[in-house]
Structure formats: structure tokens, C-alpha cells
Amino acid sequence: MPPRLSPTIICLLLTLPGLVYAEAPSAPERLRVEALGEKLLANPRGEEAQVLVEEIWASWDEVGPGPVVDSLQKVRENPRSDRWVRAAAAWHLAQAAWRRGQSAEARRLADELGVLRSYLILGPLENEGDQGLERTYPLEEQLEGGTLAVDREVEGKARPVRWRQVSTEEPLGVLRLGGFLHPTSEICAFAATSLTSAVREKVLIHAGASGALFLWIDGRRVVNDPIYRRGIHPSRFVIATTTGAPTRIVAKICGDGEVPSLLLRATDLRGDPLKVALSVEPRAFQQVSNHLKSRPKILSSPFNVFWKRALASAKKTIPAKARLRAARYLHFTGSDDPSEPRAPDLAAIAAGEPGGESSDDVEAQLLAAELDSDRNGARYRLEALASEFPDHPRVLTALARELLDGPCPQDARFTIRKALESAPTSIRAKELEARYYEGLGLPLSGLTTLEKSLEPHVDAPALLLERGVTLARGARRPETLRALAKRHAQVRYDQPAPHRILAAIAREKGEVRAARRHLTALKEVSWHSPDEQIWVANVLDQLD
């Protein structure tokens, strides 16, 4: 029988550095998010605060939910935060709840932001070659005349279409048109809703869309944004109006290759949700409205002020720091025009020429490399930066990623090793090391690397888990695949991939209840794919 150790000796052993029970040191990526959060708390207002909120949110897959949610929660509760920054943080907290599968909490947080959920929709309408974007439909002329005929049939993209009433079941309240219309590529659609209040009160209508957006309130066009945006901002446009009798809101949303989506919020002047009734009564749109004497007015919200200022920066001679601020704002807030982006040029000028007269600002250099469409130029810039900062973890991981994606991925080996020497706990470097093994055809080695790096992370970063799922499938490890997919679903419940894997494994093993649970989750998050929704429904029928 082995000798027993006294409790005192056990406690001493557990406190020795380097033992498995010692607390794992924080990864540099997590430390960076914490630093961004502290910077945001110190200055929670204005342009830079909006960028910091979006930059923290963009770190989710890299660092996991913990530090992101902590930082956003502090900003939301900070009385010094302006209402726009607080709303952006609250929106991302609702998204965070949804990503962790907390549907009820996500719905509660979205409702606190005043999201509108009931609509009449018409579509899909043709937008191939921007036909729908550039065309003025007869119903747009009707709108500006004060009425809207919601009982008429309209020629659609594939067949005649009519107005129909829908409600957004998604917890966040985003009207994802992919769940209601088919086909979904290169389409336009109209969405209408109305607010009814027993008393007249001033309100703010907040509008955001992925795709191009045109908005009318009580027959007056207040938003004309023909840019195909890639992300939804909760207050991209803000309109002040007065409600009493029905206030009618109609949106036209157009997408190019991606399915367009719409988010509308109604709040009071402080940004709190309204206590008014929401209706989509068709008669509200067929009567000329004469109860409103005040005109809807688009506000110069900070978002629009900073956006226009950032766009104007591309045409002016301004200091490098101002150019970098403009580039960061356009990039992180999704304000740039995808068809004619300005952020790459702003960042490149702010960073200067690689290897020549260049800025010593590492952030400027990294952003310029990330946004550079010429990947050879990006690699050259990162190589010059790595020679100047040979022990900088972010520089080394950025260069290693560029080399792995290049024509000779084996060249990344030395840089990955340097990155791990510089920061042994780096999440990104561990993921790149696993990718390197995968490229060599050694999925088991990559999987072992990832499993070790996942041990200290309770809130596992999604990028490690996603890579682990790929490697476990290649290594033919079904139980490991299932375990990693379960963890992946806990931090990215909103993605179909982990649910698809878990449903397939459960079906193979004859676990009907588990298969049904994962298929139901898959249907819930596959709003963008009508075909997948149909497939899931068919499989669920087969399980009965």
C-alpha cells in the first residue's frame, strides 16, 4: 500500500508552480480583450468607444465568451456610457446569450432594446444586376402618396407574390428573409409594420439591415442607403417621429449574393423600449394618414456622424492617427462600402510603406495587412514587421496565418514555433499549430495539440473547437468528435455545423431522442437556408 500524504504536504504540492493543478496563465488574446475593456470603461463615449465595443465583440471566437461578456456587461452598466454605446453593448449581450443557446435570455435582452417582431412582407422581387435596387416600384409611389395597397398581387422574382403576415421567431428579433422567401439570392423585399398608441408621444425608430435599405415612415422616405451592408448595426439609422394613431413603417431591403435581413427597434428619446401597442393591421396602410402634423426626421446620431466623417477622411490629407481611427471605424462597425471599400487605403496610408518609411504603430501595420487585398503585399508587410518586432505574439501569429494560407504552408513552421516561444498560452498560435499538422496529413497530432490547449479553457474559444472537430473527423475519432461538437455548440449555438454533426452521430447510434433534439436545434439556427429547413423537417418525420 503506498504511503499516504498529509493534507499539509498535498496543499504545498498544489501550490508549486508548473503543476497541472496550478491556475493556467491567461492567453495573450484574453489579456488584450481585458485591456480593451478597461480602455472602454475609461472612455465609454463617442467614436472610439463604438469601435472598442465592436472590436471586443469580434474577439468572441478567439477568446471565448467569458472576457467578451464581462467587458460588454460592464459597459452596459456604466452610467457614464452614452446611450449609443450602451445600446451596442446590450445588442451584443443579446447575441451572446443566443450564441450560448440561452434563447429566453436572448429574447428578453432583445425586447429590452425595443425590437419589433411582427410584419407584413412582400417578396422575393428580382434584384439581378441591381434591378430592384435601382427600380422605383409602383407601391413606392403609392407610399409617398400616403397609402399602400396590401391586397394586390405583384410580379415576383420567380412567380406572382402577395403581402403576408409573419412574425420573427428568432430570439433576437431580426427579420431574416431567408426563412420566409424563396429564392433568396439577388432579391429585394418589402416589410411593413405599424405602431399604435393611445397618446401622442415622441419616439425613436432605429433601423439596421444587412443589404441595402430604404425606409418610409408615414409615407415619407427617411432612409436611402443603397450600400449592400454585411452586418446589422442596432442603430445604423435613427429617426425621430411622433406616434398617436397608427405610425406606419415600410422598409425595402435588397441583397446581392447574400440574403437580406432587417432589424427595427422603437424606443423613447432615452433609448428605453416604448409602452405602445404594435400592430400590422392592413387597414392602417390603406388609409391616408392625416393625424400627424410633425414630419419624421432622421437624426444625426453619432453613428452616422462618425461614418460620414470616416468616409470623408479618404479624400483628405489628415494625420496618420486620424486615418487609422477612420479605418478602424469603417472596418469594425461594418460601415464600409463592400463594393468600394475605403478602410484598406486609409489603413495602408496610416501604416506607411512596409520596409521603408513606415509607421511604428503595430496596430496600424496589422490592420493594413489584414485589409490588404494583395496577399503578397500583406505577407511582405508582416515579414518586415516581424523583423522589427521579433517577439510580438500578434505579429508572429498574423504572419504564420498568412504563410499557412500561402502557396508554401510548410514555411509557417518556424514562425509558429517562434509565436509559441513568445507566448506559450497563445490561443491563435495553438490553432495555427493544429492547422499545420492537418496540412501535413497528421490529424491525430493536431488533435492532441488542441486537446492539451483546450484543457485550461472552461469557456473554450470557438476557433479551437471548430479546428478540433475537423481534426477529429479526419482522425476518425467519433467519440472525440461528439465531445468537441458538444462544446462547440455551447459557445456557438447559432451555427448549424455542431448540431448537424451531433444529429448525424445520434442517428448512427440509434439515439432517437438525442437526434430529435439536435435536429430541432439545427432547424432553429438554419433560418438562412430554406433547403436545410426542408431537409430537417423530412428527417424529423422519418424519426416518428
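First things first, this report covers the structure right here in the doc. No experiment lies behind these values; they were computed from the predicted model shown.

### Comments concerning the overall build of the chain
Then comes step 1: Looking only at helices and strands, the chain has 24 helices and 13 strands in total.
Then comes step 2: Taken across its 544 residues, the chain has 52% of its residues classed as buried.
Then comes step 3: Here the analysis covers contacts within the chain between residues at least 6 apart in sequence; of these, 70% occur between residues at least 24 apart.

### Structural notes on the pattern of salt bridges
Then comes step 1: One pass over the structure, following the stated rule, counts 32 salt bridges.
Then comes step 2: A salt bridge links Arg 76 to Glu 112; the nearest nitrogen and oxygen atoms lie 2.6 Å apart. One end of the pair, Arg 76, is in helix α5 (residues 65–77); the other, Glu 112, is in helix α7 (residues 103–112), with 36 residues separating them in the sequence.
Then comes step 3: Between Asp 494 and Arg 99 there is a salt bridge; the shortest N-O distance is 3.7 Å. Here the residue Asp 494 occupies a position in the loop between α21 (478–491) and α22 (496–508), and Arg 99 occupies one in helix α6 (residues 83–99), the gap between them amounting to 395 residues. Of the two residues examined, Asp 494 and Arg 99, each falls in the buried class.

### Quick look at unusual backbone geometry
Then comes step 1: In this model, Gly 123 is joined to Pro 124 through a cis peptide bond whose omega is 0 degrees.
Then comes step 2: The residue Pro 124 is located in strand β1 (residues 118–126) in this model.
Then comes step 3: For the bond running from His 182 to Pro 183, omega is 0 degrees, close enough to zero to count as cis.
Then comes step 4: Non-glycine residue Glu 186 carries a positive phi angle of around 55 degrees.
Then comes step 5: Checked against the element boundaries, Glu 186 lands in the loop between β5 (175–176) and β6 (187–196).
Then comes step 6: Positive phi outside glycine occurs at Asp 218, with the angle close to 50 degrees.
Then comes step 7: With respect to the element layout, Asp 218 can be found in the loop between β7 (201–217) and β8 (220–229).

### Considering the packing of helix α20 (residues 462–474) against α21
Then comes step 1: Packing of α20 against α21 brings their axes to within 9 Å, and their N-to-C directions diverge by 155 degrees. Judged by the inter-axis angle, α20 sits roughly antiparallel to α21. The element α20 and its partner α21 pack so that their crossing is left-handed. Facing α20, whose interface residues are Ala 462, Leu 465, Glu 466, Gly 468, Val 469, Ala 472 and Arg 473, α21 presents Thr 480, Leu 481, Leu 484, Ala 485, Arg 487, His 488 and Val 491.

### Points about the nonpolar core
The nonpolar side chains of a soluble globular protein tend to be buried, and buried together.
Then comes step 1: In terms of nonpolar packing, the biggest core is built from 36 residues, with Leu 40, Ile 56, Val 68, Leu 72 and Leu 172 touching the most fellow members.
Then comes step 2: Every element with two or more residues in this core is listed here: α2 (28–42), α3 (46–57), α4 (60–63), α5, α6, α7 and α23 (512–525).
Then comes step 3: Ranked by residue count, the leading element in this core is α6, at 11 residues.
Then comes step 4: Counting 30 residues, the second-largest nonpolar core is a separate cluster that includes Tyr 119, Ile 121, Ala 207 and Ile 253.

### Considerations on the environment of Ala 350
Then comes step 1: Relative to the assigned elements, Ala 350 resides in helix α13 (residues 343–351).
Then comes step 2: Along the primary structure Ala 350 and Asp 361 are separated by 11 residues, whereas in three dimensions their C-alpha atoms are 9.0 Å apart.

### Notes on α5
Then comes step 1: For α5, built from 13 residues, the straight-helix expectation of 18 Å at 1.5 Å per residue is met to within 8% by its first-to-last C-alpha distance of 18 Å.
Then comes step 2: Where α5 is buried, its residues meet α2, α3, α4, α6 and α21.

### Looking at the side chain of Glu 54
Then comes step 1: Inspection of the secondary structure assignment puts Glu 54 in helix α3.
Then comes step 2: Buried charged residue Glu 54 carries no salt bridge. Nearest counter-charge: Arg 236, at 8.4 Å.
Then comes step 3: Glu 54 has contacts with Ala 88, His 92, His 233, Phe 332 and Thr 333, leaving out every residue within four places of it along the chain.

### Quick look at the packing of aromatic side chains
Then comes step 1: In the structure shown here, the tally under the stated rule is four aromatic pairs.
Then comes step 2: The side chain of Lys 252 reaches across the aromatic face of Phe 214, ending 5.3 Å from its centre.

### Side note on the state of the cysteines
Then comes step 1: Applying the stated criterion across every chain, the model contains one disulfide.
Then comes step 2: The partner cysteine of Cys 188 in its disulfide is Cys 254, sulfur to sulfur 2.0 Å. In this structure the cystine formed by Cys 188 and Cys 254 twists about its S-S bond by roughly 110 degrees; its chirality is therefore right-handed. Of this pair, Cys 188 sits in strand β6 while Cys 254 sits in strand β10 (residues 247–254); the two residues are 66 residues apart in sequence, bridging distant segments of the chain. Residues Cys 188 and Cys 254 agree in their burial class; the two are buried.

### Description of the packing of α22 against α23
Then comes step 1: At a closest axis distance of 8 Å, the pairing of α22 and α23 adopts a crossing angle of 155 degrees. One way to sum up the angle between α22 and α23 is to call them roughly antiparallel. Classified by chirality, the crossing of α23 by α22 is left-handed. Listed contacts from α23 to Pro 496, His 499, Arg 500, Leu 502, Ala 503, Ala 506 and Arg 507 of α22 are Ala 514, Ala 515, His 518, Leu 519, Ala 521, Leu 522 and Val 525.
Then comes step 2: Across the contact of α22 with α23, the residue classes tally to 10 nonpolar, two polar and two charged.

### A few points about a negative patch on the surface
Then comes step 1: Taken together, the side chains of Glu 34, Glu 38, Asp 70 and Asp 459 present a region of like negative charge at the surface.
Then comes step 2: By the element assignment, Asp 459 lies in the loop between α19 (443–454) and α20.

### Some words on the environment of Ala 386
Then comes step 1: Along the chain, Ala 386 falls in helix α15 (residues 375–388).
Then comes step 2: Ala 386 sits in the buried class, given a relative accessible area of 12%.
Then comes step 3: Residues in contact with Ala 386, not counting those within four places in the same chain, are Val 395 and Leu 399.

What counts, and at which threshold
Counting restarts for each chain, with residues numbered from 1 along the sequence as it is written. At least 70 in pLDDT is required for a residue's local features to be given in this predicted model, at least 80 for side-chain atom pairs to be given and counted, and no such filter applies to totals for whole chains, interfaces and linings, which use all residues. To obtain the side-chain values, all non-hydrogen atoms of the structure were included, while hydrogens and water were left out. Runs of E in the DSSP output that reach at least two residues are strands. Runs of H or I that reach at least four are helices, and both are numbered from the N terminus. A simple rule labels every residue: compare its accessible area, found with a 1.4 Å probe on the protein chains alone, to the largest value its type can have, and call it buried under 20%, exposed over 50%, or partly exposed in between. Any two residues whose heavy atoms approach within 4.5 Å at even a single point are treated as in contact. Criterion for a salt bridge: a side-chain nitrogen of Lys or Arg within 4 Å of a carboxyl oxygen of Asp or Glu. Interaxial angle, 0 to 180 degrees, is taken between N-to-C directions of lines fitted to C-alpha atoms, where a helix line uses only the stretch in contact. An angle below 35 degrees is treated as roughly parallel, one above 145 as roughly antiparallel, one from 65 to 115 as roughly perpendicular, and anything else as oblique. Should the near helix be turned counterclockwise from the far one by less than a right angle, the crossing is left-handed, whereas a clockwise turn marks it as right-handed. Side-chain atoms within 4.5 Å are what join buried Ala, Val, Leu, Ile, Met, Phe, Trp, Tyr and Cys residues into a set we call a nonpolar core. Between the first and last residue of a helix there are one fewer steps than residues, each counted as 1.5 Å, and that sum is the expected span. Charged residues are defined here as Lys and Arg on the positive side and Asp and Glu on the negative side; His and the ends of the chain fall outside this count. Stacked, edge-to-face and tilted labels apply to pairs of Phe, Tyr and Trp rings (six-membered ring for Trp) whose centres lie within 6.5 Å, assigned for plane angles under 30 degrees, over 60, and everything in between, in that order. We count a charge as sitting over a ring when the NZ of a lysine or the CZ of an arginine lies within 6 Å of the ring centre and within 35 degrees of the ring normal. Our working definition of a disulfide is a cysteine sulfur pair at a distance within 2.5 Å. Under the grouping applied here, Gly and all other residues not named as nonpolar or charged are polar, the nonpolar ones being Ala, Val, Leu, Ile, Met, Phe, Trp, Tyr, Cys and Pro and the charged ones Asp, Glu, Lys and Arg. What goes into a patch is any residue over 30% in relative accessible area without a salt bridge, connected to like charges within 9 Å or, for nonpolar side chains (Val, Leu, Ile, Met, Phe, Trp, Tyr), within 5 Å. To measure how exposed things are, a 1.4 Å probe is used in the Shrake-Rupley method; for residues, cover is taken only from the protein chains shown. Here the site of a charge means NZ on Lys, CZ on Arg, CG on Asp, or CD on Glu.

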